[in-house]
Amino acid sequence: HAKKKQGTAIQIFNSTLLSAFKDDAQIERDLHTAIRGRQFELYYQPLWDLQQNRYTGAEALIRWHHPKKGVLFPGAFIDIAEQSGMINAIGAWVLEAACRQLNLWQHHNLDMSMHVNVSARQFFSGNLYEQVWQLLSRYRLRPKSLILEITETELMEDIRYATNLCQELAELGVGLAIDDFGTGYSSMRYLKQFPISKLKIDRSFISDLTVSHESREIVSAIIAMARALNLSLTAEGVETTDQETFLAKSLCDQAQGFLYSPALREAEFSQFLYENQVPANRLPV
Ligand code: C2E
Ligand code: MG
Ligand code: MG
Ligand code: MG
């Protein structure tokens with residue numbers, strides 16, 4: 001009996017695994033036509049400045065309108081795109097779309113920065129610098145309003161290359177943020193070595209901020225360190241006013257999360273800004 005049961009379990013496991021493989025293979029095939037088919041869309045999640053009490057930026061987050069599966073979140077396809085190399089084409093599209101949007105904001109005198117996620121493969125592809133340089137000039141962007149988000153683990157893949165590229169990007173004037181800070185193998189030495197401008201504290205530390213003494217201490221320590229190193233800070237995944245209050249009191253710069261808004265389509269994002277703060281967000285002309 002026991003043997004028979006085990007056999008069944010293995011069969012179920014195998015067929016689940018097999019269909020997961022088939023699914024991934026299908027996603028990979030579908031990715032090839034997704035860009036040409038205009039199936040990707042950038043959504044924008046507002047970033048709230050806790051000290052200035054206004055929205056000062058947004059993070060561009062990709063969504064895929066899959067012809068059969070509906071709207072897919074990056075968790076369903078970014079890894080597959082990364083493994084198959086498709087991420088380079090997707091990443092280039094994302095950067096371009098985000099810069100085009102940033103240009104529109106600038107055109108409307110909105111003082112907003114644009115945060116764009118850069119994957120490891122794209123970072124080490126050899127033409128990120130060129131792409132960024134071209135986009136800055138094509139869209140006449142203020143360089144510091146473009147912020148590239150990279151994870152610590154990515155930077156560590158090739159420290160020498162990463163140091164040089166970060167240096168070059170910093171010389172262009174664009175911002176560099178460490179995404180999901182605290183979850184990778186960060187060494188304080190590298191934080192000093194890379195010309196980083198911002199840390200984004202991972203949401204795992206924010207979610208239990210008001211119940212966990214340890215998380216509060218960790219977040220306070222990260223904030224103190226960022227202050228000392230002259231880095232700006234964004235807390236990810238802020239969902240409650242208690243979390244917001246703690247972060248504002250601890251002098252964290254910026255907050256991002258469902259407390260303010262999820263990522264929105266462009267039209268909804270504009271509407272959101274219009275309703276929540278347009279006058280205060282104008283640049284002095
Ligand atoms: P991330 O860069 O850490 O982005 C933040 C993620 O947290 C987003 O998920 C966002 O919707 C979600 N989030 C925001 N506020 C809250 C909150 O209050 N609570 C909770 N539970 N979640 C919140 P999303 O859009 O599914 O993106 C997941 C990841 O996919 C991103 O994590 C990023 O690493 C990657 N990604 C997204 N867009 C791109 C892209 O254009 N290129 C690349 N290479 N990666 C991307
Ligand atoms: Mg990010
Ligand atoms: Mg993040
Ligand atoms: Mg995160």
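Quick look at the structure, then. It should be emphasised that the depicted structure is a prediction, and the values quoted were computed from it without experimental measurement.

Another point: the environment of Ile 178. Tracing the backbone through its elements, the reader meets Ile 178 in strand β6 (residues 175–181). As a C-alpha pair, Ile 178 and Ala 76 span 102 residues in sequence and 22 Å in three-dimensional space. Ile 178 has contacts with Ile 150, Glu 152, Leu 155, Ile 196, Lys 198, Leu 199 and Lys 200, leaving out every residue within four places of it along the chain.

Protein-derived ligands of the magnesium ion (ligand 3) are Asp 179 (OD), Asp 180 (OD) and Glu 236 (OE), with the metal-ligand distances lying across 1.7 to 2.5 Å. If you list the donors of the magnesium ion (ligand 3) from N- to C-terminus, the spacing comes out as D-D-x55-E. Between the two metal centres, the magnesium ion (ligand 3) and the magnesium ion (ligand 2), the spacing is 3.6 Å, with Asp 179 acting as a shared donor.

The next thing to look at is the packing of helix α5 (residues 128–138) against helix α7 (residues 159–172). Angle between the axes and distance between the axes: these two values describe a pair of packed helices. Here α5 crosses α7 at 10°, and the two axes come no closer than 10 Å. Overall, the two elements α5 and α7 adopt an arrangement that is roughly parallel. Between α5, through Leu 128, Tyr 129, Val 132, Trp 133 and Leu 136, and α7, the contact on the second element is made entirely by Leu 165, Glu 168, Leu 169 and Leu 172. Here the contact of α5 with α7 is composed, by residue class, of eight nonpolar, no polar and one charged.

Let's shift gears to the pattern of salt bridges. Inspection of the entire model under this criterion finds eight salt bridges. For Lys 69, the salt bridge is made with Asp 23, and the minimal N-O distance between the two is 3.5 Å. Placement of the pair is Lys 69 in the loop between β2 (54–66) and β3 (70–72) and Asp 23 in helix α1 (residues 2–34), with a sequence separation of 46 residues.

This paragraph deals with the site of ligand 1. Taken together, 20 residues form the shell around ligand 1, and within it Arg 63, Asn 117, Asp 179, Glu 239 and Phe 258 come nearest. A majority-of-atoms criterion places ligand 1 in the largest pocket. If one sorts the elements of the shell around ligand 1 by residue count, β2 sits on top with four residues. Broken down by class, the residue content of the shell around ligand 1 amounts to seven nonpolar, five polar and eight charged.

About the thresholds
Residues numbered from 1 in each chain as written. Chains lettered and ligands numbered in written order. Predicted model: local features only at pLDDT ≥ 70, side-chain atom pairs only at ≥ 80, totals over all residues. Heavy atoms only, no water. Helix = DSSP H or I, 4+ residues; strand = E, 2+ residues; numbered from the N terminus. Contact = heavy atoms within 4.5 Å. Donors = N, O, S within 2.8 Å, 3.2 Å for Na, K, Ca; no water. Axes fitted to C-alpha atoms, helices over the stretch in contact; angles between N-to-C directions. Parallel < 35°, antiparallel > 145°, perpendicular 65-115°, else oblique. Nonpolar A, V, L, I, M, F, W, Y, C, P; charged D, E, K, R; others polar. Salt bridge = Lys/Arg side-chain N within 4 Å of Asp/Glu carboxyl O. Near = heavy atom within 4 Å. 1 Å grid on protein atoms, 1.4 Å probe; cavity = no way out; pocket = protein on both sides within 12 Å on 5 of 7 lines; lining within 4 Å. Sits in = over half its atoms within 2 Å of the grid points.

Keep in mind these numbers describe shape, not what the thing actually does.
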